[in-house]
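Remarks on the overall topology
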Amino acid sequence: MRQPSLSSHVGQSVERVEDDALLSGRGRYGDDLGVPSGTLHAAVLRSPHAHAELLGLDASAALALPGVRAVLTGEDVQRWSQPFVVGVKQPMQHWALAVERVRYVGEPVAVVIAESRYLAEDALDAIRVDYRGLPAVVDMERAIGAGAPVLHAAVGSNVVSDRSFAYGDAPAAFAQAAHRVSLTVRYPRNSCTPIECGVVVAEHLSGDEGYDVLSNFMGPFSLHAVMALALQVPGNKLRHRIPRDSGGSFGVKQAVFPYVVLMCLASRKAGAPVKWVEDRLEHLTAATSATARLTTIEAAVNADGRVEALRYDQMDEVGGYLRAPEPATFYRMHGAMTGAYDIAHLQVRNRVVLTNKMPTGLVRGFGGPQVYFALERLMDRIASELGIDPFELRRRNFVQANQFPYQAAAGAVLDSGDYPRALELAQQQADMPALYARRDAARAAGKLYGIGCAAIVEPSVSNMGYISTVLTAEQRAKAGPKNGAIASATVAIDLLGGVNVNIASAPAGQGHMTVCAQVVADVLGLQPGQIVVNVEFDTAKDAWSVAAGNYSSRFAGAVAGTVHLAAVKMRDKLARIAAASLGCAPEQVRFEAGKVFNALAPERSQAFTRLAASPHWAPGLLPEGIEPGLRETAFWTAPTLAAPDAQDRVNTSAAYGFVFDICGLEVDPETGRVRVDRYITAHDAGRILHPGMADGQIRGAFAQGLGAALLEEFRYAADGGFQSGTLADYLMPTACEVPDPQIVHMETPSPFTPLGAKGLGEGNNMSTPVCIANAFADALSPLRERIGDVSDIRLPLTPSKVLALIAAAEPAPPAAMARAMAARPVSAAQDGLSLHAAGVIEIAAPPEKVFAVLLDPTALAQVIPGCHELVLIGENRYRADVTVGVGLVKARYAAEIALSEIDAPRSLRLAGQGSSSLGTGAGNGTVRLEATAAGTRLHYDYAAQVGGKVAAVGSRMLEGAARIVLAQLFESLGRQATGARRLSWWQRLLQRLGVSA
């Protein structure tokens with residue numbers, strides 16, 4: 001393949017053309033764009049249960065509300081669509097709305113379509129759903145055990161795929177090995193949280209025209225067939241458009257595609273266009289997460305530390321459904337399971353396991369963090385057991401520079417690199433003697449300080465056939481081969497010489513417009529400012545490719561490279577047109593500084609704009625064999641990407657960068673806080689197209705990797721209730737928590753991509769979590785005699801987890817540690833989030849009057865915050881209709897309240913339980929009244945368990961809300977008992993100002 005010459009724009013950190021619009025608030029995001037006249041708005045009713053049968057749904061009350069136009073139910077979905085296709089051969093049905101059963105908290109159950117989002121949200125509370133709860137399973141080890149609840153009866157098991165692979169002769173290598181080292185690790189669920197959540201505007205067109213959709217899905221072509229099949233329309237009757245700007249994606253916008261189908265059906269039901277905008281609670285609860293993985297990994301190691309063979313036994317927990325493109329998390333990395341190491345023998349077992357959690361999917365680096373957390377923790381384990389320096393162990397096992405292109409045991413073709421040199425550059429930047437001295441000084445002062453490292457190969461430009469590795473060779477033969485990573489780009493020139501570029505990628509902040517303009521400007525001898533790049537996407541107009549989109553670090557290697565090829569096609573056509581007038585062969589025509597000239601006679605030249613105009617104005621004068629028009633489209637796929645072979649070998653990506661990280665880390669033994677002191681990351685991503693943006697991508701991935709290592713965690717109760725539904729409980733790093741990594745670059749251009757470039761936007765999401773874990777293990781090594789060898793490090797390394805690990809090292813915890821442990825978040829009870837509240841309230845009324853209010857239904861209804869109705873249904877038993885709101889979450893509960901153990905006017909017990917669209921709740925507590933000179937001192941002690949959407953709000957917000965609600969309740973109780981009236985807000989304000997109302 002012809003390689004480009006060095007240029008004046010590519011490789012320079014030119015100013016981004018996107019920034020002016022973004023920084024001035026003129027970005028065009030999905031929610032900013034106009035909608036068709038008469039567009040309605042949707043709100044989604046979601047299951048509060050992790051596992052339950054759907055016995056019935058009554059939407060009549062919602063439909064009776066003003067402004068509500070329709071309610072989409074499971075019956076409609078069954079009538080107008082079919083289940084999403086599944087990536088494995090299993091009878092598993094996943095509909096756009098729950099049918100017969102719900103399998104995770106947040107699963108869509110119905111959609112209200114109304115004249116405004118406010119009306120639609122309010123109408124959700126009026127829908128009554130009859131659930132019958134089923135046992136839930138949230139742990140993958142329990143899910144595969146005997147007697148576990150089975151999520152899909154037709155499958156008959158929670159293991160929906162179980163495949164084993166063998167490359168080389170691993171049994172023989174293990175039999176002959178001097179050492180066998182094994183490790184079991186867990187990689188948790190986490191995600192990336194873009195500023196902009198999902199947006200869908202869908203319209204069911206008249207007649208048999210199909211559907212027209214606008215969404216911020218970053219890869220509409222990749223799952224277009226999945227959506228069209230679900231909607232039961234041909235592909236050309238599902239038009240899918242993407243806006244120019246996206247407030248981040250990080251892979252998770254893939255989870256928008258089920259809502260594309262859902263809103264198409266909502267539009268069909270309502271007979272009008274429908275718009276849906278995902279809120280943050282919906283996104284955290286029900287969008288997607290990284291796949292959790294349990295891995296047992298074992299190495300056969302010879303006497304000098306060379307790893308001869310690896311064995312992986314991996315389980316991926318994918319949630320309630322195996323949703324496309326899963327099990328991609330397993331198989332994207334399959335060809336490169338040996339990482340950066342020259343290991344000839346490999347065995348792998350992959351099991352895909354269902355649990356009652358939201359479905360998993362693409363999250364930045366998907367597949368990589370899970371593989372490298374196991375492999376790089378194992379490498380440190382080998383170094384520890386054999387007494388070899390961790391850096392030296394990796395150097396001994398690296399693929400060497402003279403081995404490239406190198407085919408790994410499972411099929412990955414590592415295209416180029418010099419891994420030992422990158423390690424050396426990272427060590428130089430880290431100043432290892434000074435870093436070791438820093439560790440020694442910290443330990444001498446009684447602190448915990450560790451140094452860790454990690455090496456990864458970073459895949460980019462995925463082979464679209466890798467996912468078929470989940471099938472057997474026989475199944476693949478029946479389905480037909482799948483491979484490649486086709487990218488397309490179009491370069492067009494108008495009659496005034498303006499150059500327009502269309503690319504098949506949907507940027508989410510990466511700077512596609514800038515880099516593509518640089519690439520085309522270099523080819524045509526222009527300035528980047530003369531190039532206009534269109535990044536809007538339209539499946540009805542753009543060149544069709546199932547691989548098109550923005551994921552798997554496709555841009556630098558595939559998209560920008562294909563733009564270069566399209567620009568070269570255009571340049572070559574212009575050269576053939578200009579050759580006659582310039583008196584030279586087409587090969588001698590040059591394009592520089594806005595001119596086109598004869599390389600042998602530079603004085604023979606013309607302006608680029610004039611040359612561009614002639615084919616438009618005078619197509620009849622074109623040289624023979626030149627077609628009219630100045631529009632060239634190029635398609636490209638890597639020559640090394642083939643379908644999986646009969647032995648299950650597959651080159652899963654077109655290019656592989658290399659990352660080597662070093663971390664210096666300090667652990668506070670009193671608070672459990674983990675602080676990254678120094679971080680060095682060395683990258684080889686082939687040819688760097690824009691150094692400034694490359695460093696930005698590295699810093700972004702590092703920040704997300706740091707979040708996965710230290711903060712970000714999806715927590716579930718034992719009943720499947722979600723407990724991380726706000727940004728108060730799902731913690732993410734901010735600028736205050738993210739140190740600035742020191743970045744080192746080296747370049748070994750790929751021989752397989754048009755520009756020699758590789759991806760680098762995901763690497764630190766793969767390398768940083770395990771690098772920090774390795775540094776943490778080293779930090780705890782001085783405590784080994786007292787706490788043992790810490791091998792099972794579980795992310796994120798939150799203070800409570802750290803304290804639990806190191807507590808055994810101290811005879812008694814220091815005061816600060818005791819306070820930190822006491823302040824740990826409320827634990828999850830078996831049936832949800834457990835809350836407890838106790839306190840004392842002073843009331844200016846005697847106990848008899850206070851007690852009388854508690855026993856009077858009319859007075860008690862006035863006391864309970866948000867109570868619409870309180871009806872006596874038995875002795876000291878009431879049915880209540882109450883609206884409860886916590887933060888962003890509000891719903892109307894149907895509840896039963898009972899008073900017992902009544903000892904008037906001294907004490908009683910209060911118990912209640914209720915349910916709503918938010919979930920379930922139950923509580924039990926005591927109220928004790930003590931007479932005082934001023935009236936009554938009321939003592940309360942109350943415990944509650946909540947499940948469903950309320951639990952997703954998280955312990956921090958719920959604890960605060962509980963205090964507020966109780967304060968409101970007892971303030972109201974005091975007013976009722978004393979007969980005082982509540983002043984309005986303006987009366988209270990005048991009172992404070994000293995003015996009588």
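Residues numbered from 1 in each chain as written. Predicted model: local features only at pLDDT ≥ 70, side-chain atom pairs only at ≥ 80, totals over all residues. Heavy atoms only, no water.

**Considering the overall build of the chain**
- Looking only at helices and strands, the chain has 28 helices and 37 strands in total.
- The globule rule puts the C-alpha radius of gyration for 997 residues at 30 Å, and the 32 Å found for the chain is close to it.
- Overall, the chain is about 110 × 75 × 65 Å in size when its C-alpha atoms are taken along their principal axes.
- Looking at the 997 residues of the chain, the share that counts as buried comes to 58%.
- The contacts of the chain with a sequence gap of at least 6 include a subset with a gap of at least 24, amounting to 76%.
- Accessible area for the chain stands at about 38,200 Å²; split by element, carbon and sulfur atoms hold 52% of it.
- Averaging the coordinates of the 91 positive side-chain charges in the chain and doing the same for the 98 negative ones gives two points 1 Å apart. (Helix = DSSP H or I, 4+ residues; strand = E, 2+ residues; numbered from the N terminus. Rg over C-alpha atoms; globule rule 2.2 N^0.38 Å. Buried < 20%, exposed > 50% of the residue type's maximum accessible area, 1.4 Å probe, protein only. Contact = heavy atoms within 4.5 Å. Areas by Shrake-Rupley, 256 points an atom, 1.4 Å probe, with all protein chains shown as cover. Lys, Arg positive; Asp, Glu negative; His and termini not counted. Charge placed at Lys NZ, Arg CZ, Asp CG, Glu CD.)

**Thoughts on the pattern of salt bridges**
- Considering all chains together, one arrives at 53 salt bridges under this definition.
- A salt bridge links Glu-317 to Lys-357; its shortest N-O distance comes to 3.5 Å. Note that Glu-317 is positioned in strand E14 (residues 307-317) and Lys-357 in the loop between strand E15 (345-353) and helix H11 (368-386), a separation of 40 residues in sequence.
- Taking the relative accessible area as the measure of exposure, Glu-317 reaches 2% and is therefore buried.
- Judged by relative accessible area, Lys-357 falls into the buried class, the value being 11%.
- For the salt bridge of Glu-385 with Arg-381, the shortest nitrogen-to-oxygen distance reads 3.3 Å. One end of the pair is Glu-385 and the other is Arg-381, both in helix H11 and four residues apart, which spans about a single turn.
- Looking at Glu-385, the relative accessible area reads 47%, which means it is partly exposed.
- Among the charged side chains, a network of salt bridges with common partners joins Arg-46, Arg-117, Glu-121, Asp-279 and Glu-282. (Salt bridge = Lys/Arg side-chain N within 4 Å of Asp/Glu carboxyl O.)

**Remarks on the pairing of strand E25 (residues 601-607)**
- Relative to E25, strand E24 (residues 595-598) is paired through four bridges, and the arrangement is antiparallel. The residue bridging Val-596 from the neighbouring strand is Gln-606, located in E25.
- What sits between E24 and E25 in their antiparallel hairpin is a turn of two residues. (Pairing = 2+ DSSP bridges.)

**A look at the environment of Leu-910**
- In this fold, Leu-910 is placed in strand E35 (residues 907-916).
- A C-alpha to C-alpha distance of 6.0 Å links Leu-910 and Ala-898, two positions 12 residues apart in sequence.
- Non-local contacts of Leu-910, meaning those with residues more than four positions away in its chain, are made with Ile-897, Ala-898, Leu-899, Gly-923, Asn-924, Gly-925 and Tyr-942.

**Some words on the nonpolar core**
- Leu-72, Val-111, Met-263, Phe-660, Ile-662 and Ile-772 are the most contacted members of the largest nonpolar core, which totals 173 residues.
- If one sorts the elements of this core by residue count, helix H8 (residues 257-270) sits on top with 10 residues. (Core = buried A, V, L, I, M, F, W, Y, C linked by side-chain atoms within 4.5 Å.)

**Quick look at the sheet that holds strand E22 (residues 537-538)**
- With mixed pairing, the eight strands of this open sheet are ordered in space as E3-E5-E1-E12-E9-E10-E11-E22. The sheet is open, and its two edges are formed by strand E3 (68-72) and E22, each paired on a single side.
- As paired elements, strand E9 (residues 199-204) and strand E10 (residues 211-215) share five bridges and run antiparallel to each other. Within E10, the position partnered with His-204 by the bridge is Tyr-211.
- Running over the sheet, helix H7 (residues 224-231) touches E10 and strand E11 (238-242) and is turned about 140° from E11. (Axes fitted to C-alpha atoms, helices over the stretch in contact; angles between N-to-C directions.)

**Quick notes on the sheet that holds strand E7 (residues 159-167)**
- Judged by pairing direction, the sheet is mixed, and its five strands sit side by side in the order E7-E15-E14-E13-E8 without closing on themselves. This sheet does not close on itself; its edge strands, each paired only once, are E7 and strand E8 (179-187). In this sheet, adjacent strand axes meet at a mean angle of 10° when their direction is disregarded.
- Lying over the sheet, H11 contacts E8, strand E13 (292-301) and E14, oriented at roughly 140° with respect to E8.

**Examining the side chain of Glu-196**
- Relative to the helices and strands, Glu-196 is located in the loop between E8 and E9.
- Within the structure, Glu-196 has its side chain in polar contact with the backbone nitrogen of Gly-30 (distance 3.4 Å).
- When sequence neighbours within four positions are dropped, the list of residues in contact with Glu-196 reads Tyr-29, Gly-30, Asn-216, Ser-246, Gly-247, Gly-248 and Lys-253. (Polar contact = N/O pair within 3.5 Å; in protein donor to acceptor, adjacent residues only side chain to side chain.)

**Considering the environment of Ala-944**
- The residue Ala-944 is located in strand E37 (residues 935-946) in this model.
- Relative accessible area serves as the criterion here: at 16%, Ala-944 is assigned to the buried category.
- Residues Ala-944 and Arg-163 lie 781 residues apart in sequence; the distance between their C-alpha atoms is 44 Å.

**Quick word on unusual backbone geometry**
- Cis peptide bonds are those with omega within 30 degrees of zero, and the linkage from Ala-324 to Pro-325 qualifies with 5°.
- Omega for the peptide link from Phe-404 to Pro-405 comes to -10°, which places this bond in the cis form.
- Summarising the element assignment, Pro-405 is placed in the loop between helix H12 (390-397) and strand E16 (406-407).
- Positive phi values are uncommon outside glycine, yet Glu-100 reaches one of about 70°.
- Position of Glu-100 relative to the elements: it lies in the loop between helix H3 (74-80) and strand E4 (101-102).
- Judged by relative accessible area, which is 63%, Glu-100 ranks as exposed.

**Observations concerning the packing of H11 against helix H20 (residues 763-779)**
- H20 packs onto H11 with a crossing angle of 30° between their chain directions and a minimal axis gap of 8 Å. Taken together, H11 and H20 sit at an angle that is classed as roughly parallel. As for how H11 packs across H20, the hand of that crossing is right-handed. Contacts from Gly-368, Pro-369, Tyr-372, Phe-373, Glu-376, Arg-377 and Asp-380 in H11 reach Asn-765, Met-766, Pro-769, Val-770, Ala-773, Asn-774 and Ala-777 in H20. (Parallel < 35°, antiparallel > 145°, perpendicular 65-115°, else oblique. Left-handed = near helix turned anticlockwise from the far one by under 90°.)

**Side note on the packing of aromatic side chains**
- This model, assessed by the stated rule, comprises 18 aromatic pairs.
- Ring centres of Tyr-716 and Phe-722 lie 5.1 Å apart, and the angle between their planes is 55°; this geometry places the pair in the tilted category. Across the pair, exposure class does not vary: Tyr-716 and Phe-722 are buried alike.
- Each residue in the set Tyr-341, Phe-398, Phe-404, Tyr-419 and Phe-658 is aromatic and connected to the rest through ring pairs, giving one cluster.
- Here the guanidinium or amino end of Arg-79 rests over the ring plane of Trp-80, the centre of that ring lying 4.7 Å away.
- Arg-332 extends its terminal NZ or CZ atom over the ring of Phe-366, reaching a point 4.7 Å from the ring centre. (Phe/Tyr/Trp six-rings, centres within 6.5 Å; stacked < 30°, edge-to-face > 60°. Lys NZ or Arg CZ within 6 Å of the ring centre and 35° of its normal.)

**Things to note about the packing of helix H17 (residues 555-582) against helix H18 (residues 608-617)**
- Interaxial distance between H17 and H18 falls to 11 Å at its minimum, and their mutual angle equals 90°. In terms of orientation, H17 lies roughly perpendicular with respect to H18. Taken together, the residues of H18 that come into contact with H17 (itself represented by Leu-574, Ile-577 and Ala-578) are Phe-608, Leu-611, Ser-614 and Pro-615.
- Tallied by class, the residues present in the contact of H17 with H18 amount to six nonpolar, one polar and no charged. (Nonpolar A, V, L, I, M, F, W, Y, C, P; charged D, E, K, R; others polar.)

**Points about the pairing of E13**
- Within E13, nine of the 10 residues are buried, which leaves it mostly tucked inside the rest of the structure.
- Sheet analysis places E8 next to E13, joined by nine bridges and oriented antiparallel. Note that in E13 the partner of Leu-183 across the bridge is Ile-297.
- Note: E13 against E14, 10 bridges, orientation antiparallel. When the bridges of E14 are listed, Thr-295 appears paired with Gln-314.
- The turn linking E13 back onto E14 is made up of five residues, and Gly-305 within it adopts a positive phi angle of 90°.

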